[in-house]
Amino acid sequence: NCNAIIENATNTLIAGCQKTVIPNSVTSIGKGAFYECTSLTSITIPNSVTSIGSSAFSGCSSLTSVTIPNSNSVTNIGQSAFRNCKQLYSITIPNSVTNIGYWAFANCKQLNNVTIGHNFIGIGDVFDGARRPGNKGKDYGRPLKETERKKRNEPIILAIELFLNALKSFGNKK
């Protein structure tokens, strides 16, 4: 009745479509579950979901709105999860999320507002190719590469802190 295919043994949504309403029994959105569902415009993740799989919403080019609950449930957003969601305008990543995979929001060209919770510890080219607000469409900066960290003689934790502070400030600029 939710217009999706759910693997009952793991409570994983493995295939969804434009009219899918994710039921509260789902604990995980599987790899590529909504891959290239170009007619999907919005999605609400229920409180029961703890993980959004790799490429789960990748290529959903009409997706403008994603609601991730601030209920301390979602802890992981997989690699390329929202890659090429070219109409996605805003995302709030709750405090419960500790890891965001590489390219999770790559090529989200309309992404104007990013809010990241304070528990986020993963790092990578999360926003590669996403528009940087207030900077005339230039891409978000990338995290320091290992060679750059060594060159500056900074420990990795400092690089992570600098990156996170920069991302937080991007979300506050209009």
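Residues numbered from 1 in each chain as written. Predicted model: local features only at pLDDT ≥ 70, side-chain atom pairs only at ≥ 80, totals over all residues. Heavy atoms only, no water.

Asker: When you look at the nonpolar core in this model, what are you seeing that I'm missing?
Answerer: As a rule of thumb, nonpolar side chains are buried together in soluble globular proteins. Ranked by size, the top nonpolar core spans 34 residues in total, and within it Ile52, Phe57 and Ile77 carry the most contacts. Those elements that place two or more of their residues in this core are strand 8 (90-93) and strand 10 (113-116). If near-sequence neighbours (up to four positions away) are discounted, Ile77 is found in contact with Ile52, Ile68, Phe82, Ile93, Val97, Asn99, Ile100, Gly101 and Ala104. (Core = buried A, V, L, I, M, F, W, Y, C linked by side-chain atoms within 4.5 Å. Buried < 20%, exposed > 50% of the residue type's maximum accessible area, 1.4 Å probe, protein only. Helix = DSSP H or I, 4+ residues; strand = E, 2+ residues; numbered from the N terminus. Contact = heavy atoms within 4.5 Å.)

Asker: Quick question: what am I supposed to make of the sheet that holds strand 9 (residues 99-100) here?
Answerer: Reading across from one edge, 1-2-3-5-7-9 is the order of the 6 strands in this open sheet, with mixed pairing throughout. The outermost strands of the open sheet, each flanked by one partner alone, are strand 1 (4-7) and strand 9. Where strand 1 meets strand 2 (residues 12-16), 4 bridges bridge the pair, whose relative direction is antiparallel. Along strand 2, the bridge assignment pairs Ala4 with Gly16. (Pairing = 2+ DSSP bridges.)

Asker: Explanation requested: the side chain of Thr20 in the structure shown.
Answerer: Residue placement: Thr20 occurs in the loop between strand 2 and strand 3 (28-29). One polar contact links the side chain of Thr20 to the main-chain carbonyl oxygen of Asn3, over a distance of 2.5 Å. Here the side chain of Thr20 touches Cys17 through a polar contact of 2.7 Å, landing on its backbone nitrogen. Not counting chain neighbours up to four residues away, the residues in contact with Thr20 comprise Cys2, Asn3, Ala4, Leu13, Phe34 and Ile43. (Polar contact = N/O pair within 3.5 Å; in protein donor to acceptor, adjacent residues only side chain to side chain.)

Asker: Can you walk me through the pairing of strand 2 in this structure?
Answerer: Looking along a regular strand, one sees side chains alternate from face to face of the sheet. Hairpin geometry of strand 1 and strand 2 is characterised by an intervening segment of 4 residues between the two adjacent antiparallel strands and by a positive phi of about 55 degrees at Asn11. Bridge count for strand 2 against strand 3 is 2 bridges, and the pairing is parallel. Within strand 3, the residue paired with Leu13 across the bridge is Ile29.

Asker: Would you mind showing me how to read the environment of Ile116 here?
Answerer: Mapped onto the fold, Ile116 is located in strand 10. For Ile116, a relative accessible area of 8% puts it in the buried group. Sequence separation of Ile116 and Ile93 is 23 residues, and the distance between their C-alpha atoms is 4.8 Å.

Asker: What should I look at first to understand the confidence of the model for the protein chain in this one?
Answerer: For any part of a model where pLDDT is low, the fine detail of the predicted coordinates should not be relied upon. With 68% of its residues at a pLDDT of 70 or more, the protein chain shows a mean pLDDT of 78. At the low end of the mean pLDDT range in the protein chain sits helix 1 (residues 146-152), at 44; at the high end sits strand 3, at 97. Below a pLDDT of 50 lies the segment residues 132-158, which in the model reaches 41 contacts outside its immediate sequence neighbourhood of four places, other chains included. (pLDDT = per-residue confidence, 0-100.)

Asker: So what exactly am I meant to see when it comes to the environment of Ile5 here?
Answerer: As for its position among the elements, Ile5 is in strand 1. Along the sequence, Ile5 and Ala33 sit 28 residues apart, while their C-alpha atoms lie 8.9 Å from each other. Setting aside residues up to four positions removed in sequence, Ile5 forms contacts with Thr12, Leu13, Ile14 and Ala15.

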